[in-house]
Amino acid sequence: MEKKFYTLLVYSENVAGILNQITAVFTRRQVNIESLNVSASNMAGIHKYTITAWSDEDQIVKITKQIEKKIDVVKADFYTDDQVFIHEVGLYKISTPILMANPEVSRTIRRHGASMMEVNPTYSTVQLSGVTEDITSLYNKLNEFGCILQYSRSGRIAVTRSIEEPISDYLNEYERTGKQSAK
C-alpha cells in the first residue's frame, strides 16, 4: 500500500504516562513518529497531541483505534494535510559575520518572511513560522551560505478544517449522558 503523511490529533486527560502509552502504539507497529507536539487544549484538564507519521491508511486506522482504546484518551482521529490547517516554527542561529559580509543572506531572510530575533557580534537568531516546506526551504537557502550555527524546528500544530471538532461531539455526548458512552 502507498504511504501517506498523516496528522493524528489525540485528546487525553492530563495524566502522567499517557504519552508513553501513545508512542508505544507506534513502536509496536514499527511506524516512526516524524513530529510530536503536546500542549494543553482549550478544554480544562484535556491535553492535545499532534503527531505526524508516514503510514498506509490501514495501518493508521489501526493505530488510531488502538490509541483511542487507552483509558485516559478521550478522542483520537487522523487527517491528511488537506483536512487540517498546519503550522510550525523554525529557529535558525546564524553567523553574524557571514550575515554582515553577504547582503544576500538578509535578502533571503526577508524574502521568506522570517524575523530577526537577536543580533550580536557572534550570532544572529532568525525565526520563521509557517508550513514545513517554508521552514525547510529557508534552512536549505541559509545552509548554502554556510552561515547556520544551529537549527531547530518545532513539531507541527494543527486544527481541522471542519466546523465541528470530533472532540466537541464526544464532549457534548459526555455532558448529555454523564458517562463515556460516546467512546
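For the structure itself, consult the block above.
Calculation notes
- Residues numbered from 1 in each chain as written.
- Predicted model: local features only at pLDDT ≥ 70, side-chain atom pairs only at ≥ 80, totals over all residues.
- Heavy atoms only, no water.
- Buried < 20%, exposed > 50% of the residue type's maximum accessible area, 1.4 Å probe, protein only.
- Helix = DSSP H or I, 4+ residues; strand = E, 2+ residues; numbered from the N terminus.
- Arc of directions from axis to C-beta.
- Contact = heavy atoms within 4.5 Å.
- Polar contact = N/O pair within 3.5 Å; in protein donor to acceptor, adjacent residues only side chain to side chain.
- Phe/Tyr/Trp six-rings, centres within 6.5 Å; stacked < 30°, edge-to-face > 60°.
- Lys NZ or Arg CZ within 6 Å of the ring centre and 35° of its normal.
- Core = buried A, V, L, I, M, F, W, Y, C linked by side-chain atoms within 4.5 Å.
- Axes fitted to C-alpha atoms, helices over the stretch in contact; angles between N-to-C directions.
- Parallel < 35°, antiparallel > 145°, perpendicular 65-115°, else oblique.
- Nonpolar A, V, L, I, M, F, W, Y, C, P; charged D, E, K, R; others polar.
- Expected span 1.5 Å × (residues − 1).

> Quick question: what am I supposed to make of helix α4 (residues 103-111) here?
Note that an α-helix has 3.6 residues per turn; residues three or four places apart therefore point the same way. Taken residue by residue, α4 has Val105, Thr108 and Ile109 as its buried positions. Each buried residue of α4 sits inside an arc of 100° when the element is viewed along its axis, so together they form one side. In α4, the exposed positions angled more than 90 degrees off the buried face are occupied by Arg110 and Arg111. At its buried positions, α4 is contacted by β5 (84-95), α3 (96-101), β6 (115-119), β7 (123-130) and α5 (132-144). The N-capping residue of α4, defined by a side-chain oxygen 3.0 Å from the backbone nitrogen of Glu104, is Asn102. Count one or two residues on from α4 and you reach Gly113, which has phi positive near 75°.

> How do you make sense of the packing of aromatic side chains when you look at a structure like this?
By convention here, two paired aromatic rings are described through the distance between centres and the angle between planes. All chains considered together, the criterion is met by 4 aromatic pairs. Here Tyr6 and Phe78 contribute two aromatic rings whose centre-to-centre distance is 5.6 Å and whose plane-to-plane angle is 80°, an arrangement assigned as edge-to-face. One end of the pair, Tyr6, is in strand β1 (residues 4-13); the other, Phe78, is in strand β4 (residues 73-79), and 72 residues separate them in sequence. For Phe78, a relative accessible area of 25% corresponds to the partly exposed category. What links up through ring pairs into an aromatic cluster is the set Tyr92, Tyr139 and Tyr151. The ring of Tyr123 has Lys93 sitting right over it, with the charged end atom 4.3 Å from the ring centre. The ring of Phe85 has Arg161 sitting right over it, with the charged end atom 4.0 Å from the ring centre.

> So what exactly am I meant to see when it comes to the side chain of Ser12 here?
Topologically, Ser12 is positioned in strand β1. Owing to a relative accessible area of 0%, Ser12 belongs among the buried residues under this scheme. Of the polar contacts made by the side chain of Ser12, one reaches the side chain of Tyr49; its length is 3.3 Å. Aside from chain neighbours lying at most four places away, what touches Ser12 is Ile18, Gly45, Ile46, His47, Tyr49, Asp72, Val73 and Val74.

> Explain the nonpolar core here, please?
In this structure, Leu8, Val10, Ile22, Phe26, Ile51, Ile63 and Ile67 are the most contacted members of the largest nonpolar core, which totals 16 residues. Among the secondary structure elements, those contributing two or more residues to this core are β1, α1 (18-28), β3 (46-55), α2 (57-68) and β4. If one sorts the elements of this core by residue count, α1 sits on top with 4 residues. Among residues more than four places away in sequence, those in contact with Ile22 are Val10, Tyr49, Ile51, Ile67 and Val73.

> Looking at this structure, I do not really get the packing of α4 against α5. What am I missing?
The relative placement of two packed helices comes down to the angle between their axes together with the axis-to-axis distance. Packing of α4 against α5 leaves a shortest axis separation of 10 Å and a crossing angle of 175°. In this view, α4 runs roughly antiparallel relative to α5, as classed from their interaxial angle. Contact residues: α4 offers Val105, Thr108 and Ile109, while α5 offers Leu138, Lys141 and Leu142. Among the residues forming the contact of α4 with α5, the class breakdown is 4 nonpolar, 1 polar and 1 charged.

> Teacher, can you tell me more about α2 here?
The end-to-end C-alpha separation of α2 is 16 Å, in line with the 16 Å expected for 12 residues at 1.5 Å each. Buried residues of α2: Gln59, Ile60, Ile63, Thr64, Ile67 and Glu68, and no others. Down the axis, α2 shows its buried residues gathered within 165° of arc, on one side only. Contacts from the buried residues of α2 go to β1, α1, β3 and β4.

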